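Observations on chain architecture
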Amino acid sequence: MRLGPWFNSKRILLLWAAIICAALALFFYQEYRQLDKNYSILPVDGETPEYANGTIKWLVKRQHPDGYFVSNPDLFDEPSILNKESVRLTRYAVSVLDELDALEQINKEALIQFLLRNYKSPSNAIGNLKGFSALPNSPVTLRSTLDSVIILRKLKALGVIDSEAVAQLILAYQNDDGGFWDPDYPEFGKQPTLKATANAVLSLMYLDKLNSMVIKPESQEMINNFVADSWSSESKLFAPFPGHPPTNSYDIFYAWVSVYYLPINQENDQIQSKLLHLEELIESINSQFKTSDNVYSEEINTDISSLKATRLISTTMKELGKLDVVSTPDIVSFIKEYRDPRMAFTNNIYTAHSAVKTLEVLASTRKTKQLNLYKVLTLTASIVALLLLTTLITFQRKVRSRRHRDLVRQAQSDRLTGLHNRYYLEMQFERYSNTFSHMAFVLIDVDHFKSINDELGHLVGDEVLIELSELLRRNTRKTDTLARWGGEEFAILCPETEPSQAETLAEKLRCMVESNNFNNVGKITCSFGISWTANQQTLRELYLIADKALYQSKRNGRNQVTYL
């Protein structure tokens, strides 16, 4: 019986099976990538989001020396840079930095002192009442108090104020109908609004004063009634206050906040759903505020997509366990449009806040069942294809041999520059030690390379190293071994070379580097250190001496050759 044809058939079957599995793996991977595209920007626990570093750096630059944050740091010296919106702007900046775990990068003490300058009693206060104003000469308001309390809470600095006095001030703005009013909205006078009520509830929560000892159950029940009266049975939406027509999607968020955090409602989801008319509300949101982008608008029945409105609705739906009613892929796509070329959010502080907070709200949707399924299928098909190919390779000794040679070559080469690597240099040193009586070791380091990476980016730094490698390669003797030692350091091993010859070679290379115009950076220089041996010293000993000489070149002003 001839087995040759059988083996040939088996190899063909293995090949076809591997091709089919590889094709399936590619198909599953494409499906996985499509899903990942819709969720990749969402933050993951334990990982730094791709937008974090650029956003943090941009925000930190916007802290004024007096502590607060501004939209444009170029206007630090303008008197109008401090205005009514400064506290709100600062709260949003601090919230983003807190979300990105970067509060240690700002001047906390200056910020606290800025807030304390606006911490005072209202002009008509009776008793121990304290709150915050937006400016030193402006009145205390609920909105400014909320912003200031949130900032202090995130800075872990609530101890600098009398929380009880602030809580009592907040309660002083509650009317007999249960709602709260706010001097910050003079157009409403003392008319309570959902917005002011939500600000009051949030302020008490951040103060750790939202409990029955501070705000009595009957007062909480009055808030519930005020929210219930703000519901429009005709529009099936919430109005800013009872009797006013619904106009704004923000009021949905304010209504939810007003009832969600109240202690009397915390243990009863049915009360919350009933007060918010949840099913009808969701239907109205989708019919009256969803835009053609599949996100949300601020004003009713408009097609102007709003990042803030999308954030508020997404937050509300998440906390109510209804996040599935929003379209995460469309929201993610909408938010991506606000990124700069570095993938950071640097449009303005308000945009950065809404974008980062919305992505955090949607983070729980990142790993869907489909995403995990396609990931597993991709991995499984890839493993099977790999196993089949591995089995097939056992019949292909030539392929295996060629692959081995390629791996050896890769192990001896630096990926970035194509030069030999340190491993190859060590092998050459052993060979030279057994063949030649003496040798020189030249160590080269790029001056101020870190500043190139910091100012122009690592890609430009890599291009400099590649161009420098080619320059050194063209001007190094064929008898020498040039290698990338690591980072921005290069080494040349010169057999049968006297110190004076090594110095001549190094000086030649130094001049060539100094006179060369490098792409993107122009002129750079290098420092050189030389060591020499005729006593069977180890490569490590040669390196340490050359490194010491290199340090001497650096200390003497760089762009020099030193032999010790």
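If you're wondering where the values come from, they're calculated on a predicted model, not measured in any experiment. All chains use their own residue numbering, which begins from 1 and follows the written sequence. Selection of residues for local features in this predicted model requires a pLDDT of at least 70, selection of side-chain atom pairs for listing and counting requires 80 or more, and totals for whole chains, interfaces and linings are taken over all residues. Based on all heavy atoms of the structure, the side-chain values leave hydrogens and waters out of the count.

Focus on the side chain of Asp340
Going by this rule: Starting at the N terminus, helices and strands are each numbered in turn, a helix being any DSSP run of H or I of at least four residues and a strand any DSSP run of E of at least two. Only protein chains enter the area calculation, which uses a 1.4 Å probe; residues under 20% of their type maximum are buried, those over 50% are exposed, and those in between are partly exposed. Under this definition, polar contacts are N or O atom pairs within 3.5 Å; protein pairs additionally need one hydrogen-donor-capable and one acceptor-capable atom, and for neighbouring residues in sequence, both atoms have to be side-chain atoms.
Its location among the elements puts Asp340 in the loop between helix H14 (328-336) and helix H15 (349-362). For Asp340, a relative accessible area of 16% puts it in the buried group. Reaching out from Asp340, the side chain makes a polar contact with the side chain of Thr346 at a distance of 2.8 Å.

A closer look at the pairing of strand S5 (residues 439-446)
The condition is simple: Only when DSSP finds a minimum of two bridges between them are two strands counted as paired.
Extensive coverage of S5 is indicated by the burial of eight of its eight residues. Judged by which residues are buried, S5 turns out to be covered on both faces: Met439, Phe441, Leu443 and Asp445 on one side and Ala440, Val442, Ile444 and Val446 on the other are all buried. Across eight bridges, S5 lies against strand S8 (residues 526-533) in antiparallel orientation. Counterpart to Ala440 in the pairing with S8 is Trp532.

Points about the layout of surface pockets
Selection rule: Detection works on a 1 Å grid of protein atoms alone, calling trapped sets that fit a 1.4 Å probe cavities and calling open sets with protein on both sides within 12 Å along at least five of seven lines pockets, with lining residues defined by an atom within 4 Å of a point. Grid points are joined across faces, edges and corners, and a volume is the space filled by probe spheres set on the points. Think of it as three bins: nonpolar holds Ala, Val, Leu, Ile, Met, Phe, Trp, Tyr, Cys and Pro, charged holds Asp, Glu, Lys and Arg, and polar takes everything else, Gly as well.
Roughly 610 Å³ of volume is contained in the largest pocket. Around the largest pocket sit 28 residues that line it, and Arg91, Tyr206, Phe253, Arg311 and Thr315 are the ones nearest its centre. When grouped by side-chain class, the residues that make up the lining of the largest pocket number 13 nonpolar, four polar and eleven charged.

Considerations on the nonpolar core
Test applied: As used here, the term nonpolar core means buried Ala, Val, Leu, Ile, Met, Phe, Trp, Tyr and Cys residues forming a set that is joined through side-chain atoms within 4.5 Å. Only heavy atoms enter the contact rule, under which two residues are in contact if any of them lie within 4.5 Å.
Phe180 and Phe345 are the most contacted members of the largest nonpolar core, which totals 109 residues. The greatest single-element share of this core, amounting to nine residues, is contributed by helix H9 (residues 250-260). Apart from the residues lying within four places of it in its own chain, the contact partners of Phe345 are Ile41, Tyr51, Thr55, Trp58, Ile335, Tyr338, Arg339, Ala352, Ala355, Val356 and Leu359. Grouped together as the second largest cluster of nonpolar side chains are 27 residues, Ile444, Ile452, Leu465 and Phe518 included.

Overview of helix H16 (residues 369-393)
Convention followed: To estimate how far a helix should extend, the number of its residues minus one is multiplied by 1.5 Å.
The first and last C-alpha atoms of H16 sit 36 Å apart over 25 residues, in line with the 36 Å expected at 1.5 Å per residue. Leu371, Thr378, Ala381, Ala385, Leu388 and Leu392 are the residues of H16 that are buried.

What about the sheet that holds strand S9 (residues 561-563)?
The condition is simple: Between the N-to-C directions of two axes lies an angle of 0 to 180 degrees, each axis being a line fitted to C-alpha atoms and, for a helix, fitted only over the stretch in contact.
Taken together, the five strands give an open sheet; going across it, the order is S6-S7-S5-S8-S9, and neighbouring strands pair in mixed fashion. In the strand order of this sheet, the two ends are held by strand S6 (481-486) and S9, each with one partner. Ignoring which end each strand starts from, the neighbouring axes of this sheet average 20° apart. Contacting S5, strand S7 (489-495), S8 and S9, helix H21 (residues 499-515) runs over the sheet at an angle of about 165° to S8.

Some remarks on the side chain of Asn199
Position of Asn199 relative to the elements: it lies in helix H7 (residues 194-206). Of the residues examined, Asn199 reaches a relative accessible area of 5% and is grouped as buried. Not counting the four nearest positions on each side in its chain, Asn199 is found in contact with Arg143, Leu146, Asp182 and Tyr185.

Examining empty space enclosed by the protein
This structure, assessed with the given rule, holds two cavities of 30 Å³ or more. There is about 60 Å³ of room inside the largest cavity. Surrounding the largest cavity, Phe429, Ser433, Phe436, Ser437, His438, Met439, Thr533, Ala534, Asn535, Gln536 and Gln537 form its lining. Within the lining of the largest cavity, the residues separate by chemical class into four nonpolar, seven polar and no charged. Looking at the second largest cavity, its volume works out to about 30 Å³. Forming the walls of the second largest cavity are Lys84, Val87, Arg88, Ala134, Arg143, Ser144, Asp147 and Asp184. Among the secondary structure elements, those contributing two or more residues to the lining of the second largest cavity are helix H3 (86-99) and helix H5 (142-154).

Here we look at the environment of His353
Counting through the fold element by element, His353 comes out in helix H15. Residue contacts for His353: discarding those within four places in its chain leaves Tyr92, Ser95, Val96 and Arg311.

Some points on unusual backbone geometry
Unlike most non-glycine residues, Asp101 shows phi in positive territory, near 55°. Inspection of the secondary structure puts Asp101 in the loop between H3 and helix H4 (108-116). Even without being a glycine, His277 presents a positive backbone phi close to 50°. Under the relative-accessibility criterion, His277 is labelled partly exposed at 25%.

With respect to the packing of H4 against H5
How we decide: Small angles under 35 degrees read as roughly parallel and large ones over 145 as roughly antiparallel, with 65 to 115 read as roughly perpendicular and the rest as oblique. Crossing chirality is assigned from the near helix's rotation relative to the far helix, an anticlockwise turn below a right angle marking it left-handed and a clockwise turn marking it right-handed.
One can describe the packing of H4 onto H5 by two numbers: an axis separation of 11 Å at closest approach and a directional angle of 150°. Looking at the two axes, H4 sits roughly antiparallel to H5. At the point where H4 passes H5, the crossing takes the left-handed sense. Together, Leu111, Ile112 and Leu115 of H4 and Ser148, Ile151 and Leu152 of H5 make up the contact between the two elements. Of the residues belonging to the contact of H4 with H5, the class tally is five nonpolar, one polar and no charged.

Looking at the pairing of S6
In terms of residue burial, S6 counts as a mostly covered element, since five of its six residues are buried. Pairing of S6 with S7 involves five bridges; the strand directions are antiparallel. The partner of Leu482 across the bridge, within S7, is Ile492. As consecutive antiparallel partners, S6 and S7 are separated by two residues, and within that stretch Gly487 has a phi angle of approximately 60°, a positive value.

Topic: the pattern of salt bridges
Where we set the bar: Put simply, a salt bridge is a Lys or Arg side-chain nitrogen that is within 4 Å of an Asp or Glu carboxyl oxygen.
The final tally for this structure, using the stated rule, is 22 salt bridges. Of the charged contacts, one joins Arg88 and Asp147 as a salt bridge, the two residues approaching to 2.9 Å between their closest N and O atoms. On the criterion of sequence distance, the pair formed by Arg88 in helix H3 and Asp147 in helix H5 is long-range, its members being 59 residues apart. Between Asp208 and Arg153 there is a salt bridge whose closest N-O contact spans 3.3 Å.

Some details on H5
The end-to-end C-alpha distance of H5 is 18 Å, a good match for the 18 Å that 13 residues give at a rise of 1.5 Å each. Across the 13 residues of H5, twelve count as buried, placing the element largely inside the fold. Taken as a whole, H5 has its buried residues at Leu142, Arg143, Ser144, Thr145, Leu146, Asp147, Ser148, Val149, Ile150, Ile151, Leu152 and Lys154. Following H5 by one or two positions, Lys156 has its phi on the positive side, about 55°.

Some details on the environment of Gly243
Topologically, Gly243 is positioned in the loop between strand S4 (237-238) and H9. On a C-alpha basis, the gap between Gly243 and His458 in space is 60 Å, while along the polypeptide they are 215 residues apart.

Observations concerning the confidence of the model for the protein
Which entries qualify depends on this criterion: Each residue carries a pLDDT score, the predictor's confidence in it, ranging from 0 to 100.
On average, residues of the protein score 91 in pLDDT, and 96% of them are at 70 or above. Counting contacts from residues 1-7, a segment whose pLDDT is below 50, to residues more than four positions away or on other chains yields one contact.

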